[in-house]
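Summary of the model geometry
Spelled out from the first residue to the last, the chains are:
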Amino acid sequence: MLLDTASLYFRAFFGVPDSVKAPDGTPVNAVRGLMDFISRLVGEYDPTHLACCWDDDWRPQWRVDLIPSYKAHRVVQARPGSSPDVEEVPDPLETQIPIIISVLEAYGIPIVGHAEMEADDVIGTLATDAGMAVDIVTGDRDLFQLVDDETEVRVLYVARGVSKHERVDNAWVRTKYGVDAHQYADLATLRGDASDGLPGVAGVGDKTAATLLNRFHTVDAIVEAAGDPDSDMGPGPRGKIKAAADYLAVAPQVVAVRRDLDLGSPDLARPRTPVDHAAVVALDERWGLGSSAVRLVEAMSGSH
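Residues numbered from 1 in each chain as written. Predicted model: local features only at pLDDT ≥ 70, side-chain atom pairs only at ≥ 80, totals over all residues. Heavy atoms only, no water.

An unreviewed UniProt entry lists the protein under the name 5'-3' exonuclease, with Nocardioides alpinus given as the organism. Quoted straight from UniProt, the Function (unreviewed entry) entry for the protein says "5'-3' exonuclease acting preferentially on double-stranded DNA." (UniProt positions renumbered as here; feature names shortened; annotations may be inferred.)

Okay, the overall build of the protein next. Secondary structure summary: the protein contains 14 helices and six strands in total. A globule of 304 residues ought to have a C-alpha radius of gyration of about 19 Å, and the protein, at 21 Å, matches this closely. Counting only C-alpha atoms and orienting by the principal axes, one finds that the protein spans roughly 70 × 50 × 35 Å. By the burial criterion, 48% of the 304 residues in the protein qualify as buried. Distance from the positive charge centre (28 side chains) to the negative charge centre (48 side chains) of the protein: 7 Å. (Helix = DSSP H or I, 4+ residues; strand = E, 2+ residues; numbered from the N terminus. Rg over C-alpha atoms; globule rule 2.2 N^0.38 Å. Buried < 20%, exposed > 50% of the residue type's maximum accessible area, 1.4 Å probe, protein only. Lys, Arg positive; Asp, Glu negative; His and termini not counted. Charge placed at Lys NZ, Arg CZ, Asp CG, Glu CD.)

Our next topic: a negative patch on the surface. Together, Asp148, Asp149, Glu150 and Asp169 make up a negatively charged patch on the protein surface. With respect to the helices, strands and loops of the structure, Glu150 is situated in the loop between strand E4 (134–138) and strand E5 (153–157). (Patch = residues over 30% accessible without salt bridge, like charges linked within 9 Å, V, L, I, M, F, W, Y side chains within 5 Å. Areas by Shrake-Rupley, 256 points an atom, 1.4 Å probe, with all protein chains shown as cover. Salt bridge = Lys/Arg side-chain N within 4 Å of Asp/Glu carboxyl O.)

Before going further, it helps to examine the pairing of E4. A large share of E4 lies buried, amounting to five of its five residues. Neither face of E4 is exposed, since Val134, Ile136 and Thr138 on one face and Asp135 and Val137 on the opposite face are all buried. The pairing of strand E1 (residues 2–4) with E4 spans two bridges and is parallel. By the bridge assignment for E4, Leu3 is matched with Val137. Pairing analysis gives five bridges linking E4 to E5, with the strands arranged parallel. Opposite Val137, over in E5, you have Leu156 as the bridge partner. (Pairing = 2+ DSSP bridges.)

Counted under the stated rule, the structure contains nine aromatic pairs. Seen from their ring centres, Tyr9 and Trp54 are 6.0 Å apart, and the 55 degrees between their planes marks the pair as tilted. On the criterion of sequence distance, the pair formed by Tyr9 in helix H1 (residues 5–15) and Trp54 in the loop between strand E2 (51–53) and helix H3 (61–66) is long-range, its members being 45 residues apart. With relative accessibility at 8%, the residue Tyr9 sits in the buried group. (Phe/Tyr/Trp six-rings, centres within 6.5 Å; stacked < 30°, edge-to-face > 60°.)

Our next topic: the nonpolar core. Ranked by internal contacts, the top residues of the largest apolar core, which has 56 residues, are Leu2, Leu126, Ile136, Phe144 and Leu190. Aside from chain neighbours lying at most four places away, what touches Leu126 is Leu2, Ala51, Cys53, Val112, Leu263 and Leu268. One finds Tyr9, Leu41, Leu93 and Leu156 within the second-largest nonpolar core, a separate group that totals 43 residues. (Core = buried A, V, L, I, M, F, W, Y, C linked by side-chain atoms within 4.5 Å. Contact = heavy atoms within 4.5 Å.)

Right, let's get into the sheet that holds strand E6 (residues 166–168). Neighbouring strands of a sheet are bound in pairs by backbone hydrogen bonds; such pairs are parallel or else antiparallel. Read across the open sheet, the six strands follow the order E3-E2-E1-E4-E5-E6; overall the sheet is mixed. The sheet is open, and its two edges are formed by strand E3 (111–112) and E6, each paired on a single side. Contacting E1, E2, E3, E4 and E5, helix H6 (residues 119–128) runs over the sheet at an angle of about 165 degrees to E1. (Axes fitted to C-alpha atoms, helices over the stretch in contact; angles between N-to-C directions.)

Right, here's the structure in full:
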């Protein structure tokens, strides 16, 4: 089970009331919400292995170099003397991220990141090399590109909430988008994604993108057909694809999740008992984690 950690703690922060506070008044709604999400998912799916995949770099420069608008709308206006590329994170969530890291470390839940890479790229690499069935937990559609029935990689999609998550396999992707999962990155490239600052091809939405992909299969083949006067591409789509040539030359690299990172060999076996009991007790006392701490111990041990 690979967790898109930021996707989950953002969801926890906005979904759990901010009246959930530590004894000293610090908000811990994201901390407790994330702990409860992990408890629920581990309890339901009983994974043998578990990793909290981390955004060591939420907006890698190599992606921005290819498409400058990539996630640009999420960047906070730089304050004098600060790094310009700071993600806009609400202050009460910002203060909880170090607590989240301390909790995961105390329970022994591995955190896996990679310099200059997003959690998506870590997930892509781990899912591709897993050698076992993989459940990817995320609220992010980008990861549908990793779904693979043959190698048993699916997405547990939490956009409507962790308790109402959907199990995404190839049939699910095809029913919703009209393409196979391995074509999803190309669909996203053509359609664009405002939430990631990807402009897409002007005038091409999900339906046109799916029609083109079902006929020509890949973005490369679509671009080639647009440039071939003898291909059976209509004048409308042909003009739109040709007008977007510069974007289509770089966008696939930005949208594609990396699968080839050197992550070393982290031990991702799910810990059945906290690696640091004293730290779990101290964190519970300091931050008032209460029933969330108990539930997580029970879920990880399998005694839920």
